[in-house]
Amino acid sequence: MNVRIASEKDRERWNQFVDREGGSFFQYFDWKYIYEFNTSKHRFIPLVIEDTLSEILGIFPIEENLQLFYGSLSSLPFGASDGFLIKNDLTEQEKEKIIQSFLAFIDTNYSGSHSYIILREHLSFTEKSPSPSRLLRENGYTWENNTETGLPCTHVLKLESPFKEKIWEGLWSKKLRKRIRHAKKTGADVIIDEKFAYVDDFYAMQIETVKKFGFIERKEILEQIISIFRDKIQ
């Protein structure tokens, strides 16, 4: 097995691997053009591991942040689902070997020049959240979570039939259901904007929403995301 930094020539194979192995939207190679947009302080490091036949066995997209005196590494911070993605049909022993190879590559090439490394868990839409990897602990990583509040966390809510019994009456409060009915009566509408006719409204709403949490959203970054992923989003 060989770990290397993927190039733009690997983009199509990388994205096909993400689709085939149940990866996240936030693991596509195209995020390189978001992280490195209009700045030299952020670098996209797409680690890939292949077998002797050049078949991809795993990917590990990482962001390098050079804003401070010492750089830092983080598995992609955009979105709620990231981290390494490994070929599904491998054995647990093979998967552990791949993870260890990724960690060894990071240690050899970056640990001496970067102040810290954060690895975020990849959340599967079909399986429960796994326990912290033994390999991460053995390589010196510390598991951080809040067992009292359960935060930070991501919940995947499947919109399965019958919707009314499971979601409408089962999970949503009476007060929330009343507000939804009221919004419907006053003329609120859901629009699937396939032609991006309301994209300026989206920018304005996204910027104001993020501002409530104390963050600043740059419109030019949102425009770059829409431009690059236009065929993958609604």
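Scroll up to find the structure.
Residues numbered from 1 in each chain as written. Predicted model: local features only at pLDDT ≥ 70, side-chain atom pairs only at ≥ 80, totals over all residues. Heavy atoms only, no water.

**Student:** Teacher, can you tell me more about unusual backbone geometry here?
**Tutor:** Excluding glycine, a negative phi dihedral is what most residues carry, and trans is how most peptide bonds are arranged. One non-glycine residue with positive phi stands out, namely Ser54, at about 70°. In this fold, Ser54 is placed in the loop between β2 (42–50) and β3 (56–65). (Helix = DSSP H or I, 4+ residues; strand = E, 2+ residues; numbered from the N terminus.)

**Student:** Is there a simple way to think about helix α3 (residues 92–110) in this case?
**Tutor:** Working note: α-helix, 3.6 residues per turn, so residues spaced by three or four point in the same direction. With 19 residues, α3 extends 27 Å from end C-alpha to end C-alpha; this agrees with the ideal 27 Å at 1.5 Å per step. Those residues of α3 that fall on the buried side of the exposure criterion are Lys95, Ile98, Ile99, Phe102, Leu103, Phe105, Ile106 and Tyr110. Axial view of α3: buried residues confined to an arc of 155°, hence all on one face. Away from the buried face of α3 by more than 90 degrees, exposed residues Gln93, Lys97 and Thr108 are located. (Expected span 1.5 Å × (residues − 1). Buried < 20%, exposed > 50% of the residue type's maximum accessible area, 1.4 Å probe, protein only. Arc of directions from axis to C-beta.)

**Student:** How should the environment of Ser72 be read in this particular structure?
**Tutor:** With respect to the secondary-structure elements, Ser72 resides in strand β4 (residues 71–75). Distance in space between the C-alpha atoms of Ser72 and His114 is 5.0 Å, their sequence separation being 42 residues. Sequence-distant contacts of Ser72, defined by excluding residues within four places in its chain, comprise Glu63, Glu64, Asn65, His114, Ser115 and Tyr116. (Contact = heavy atoms within 4.5 Å.)

**Student:** In this structure, what is going on with the nonpolar core? I would like to understand it.
**Tutor:** Soluble, globular proteins show a tendency: their nonpolar side chains are buried together. One finds Leu47, Ile62, Ile98, Phe102 and Ile106 to be the most contacted residues of the largest nonpolar core, which totals 19 residues. Listing elements by their share of this core, those giving two or more residues are β2, β3, α3 and α4 (134–138). Here this core gets 7 residues from one element, more than from any other, and that element is α3. One finds Ala6, Trp31, Val48 and Ile59 within the second-largest nonpolar core, a separate group that totals 18 residues. (Core = buried A, V, L, I, M, F, W, Y, C linked by side-chain atoms within 4.5 Å.)

**Student:** So what exactly am I meant to see when it comes to the packing of aromatic side chains here?
**Tutor:** How two aromatic rings sit relative to each other is given by the distance of their centres and the angle of their planes. Counted under the stated rule, the structure contains 14 aromatic pairs. Plain terms: the ring middles of Phe25 and Trp31 are 5.7 Å apart, the flat faces sit at 85° to each other, and that makes the pair edge-to-face. Residue classification places Phe25 among the partly exposed residues on the basis of a relative accessible area of 25%. Judged by relative accessible area, which is 2%, Trp31 ranks as buried. A cation over a ring is seen here: Arg230 above Phe196, with NZ or CZ 4.1 Å from the ring centre. One residue, Lys232, lies across the ring of Tyr28, its end atom 5.1 Å from the ring centre. (Phe/Tyr/Trp six-rings, centres within 6.5 Å; stacked < 30°, edge-to-face > 60°. Lys NZ or Arg CZ within 6 Å of the ring centre and 35° of its normal.)

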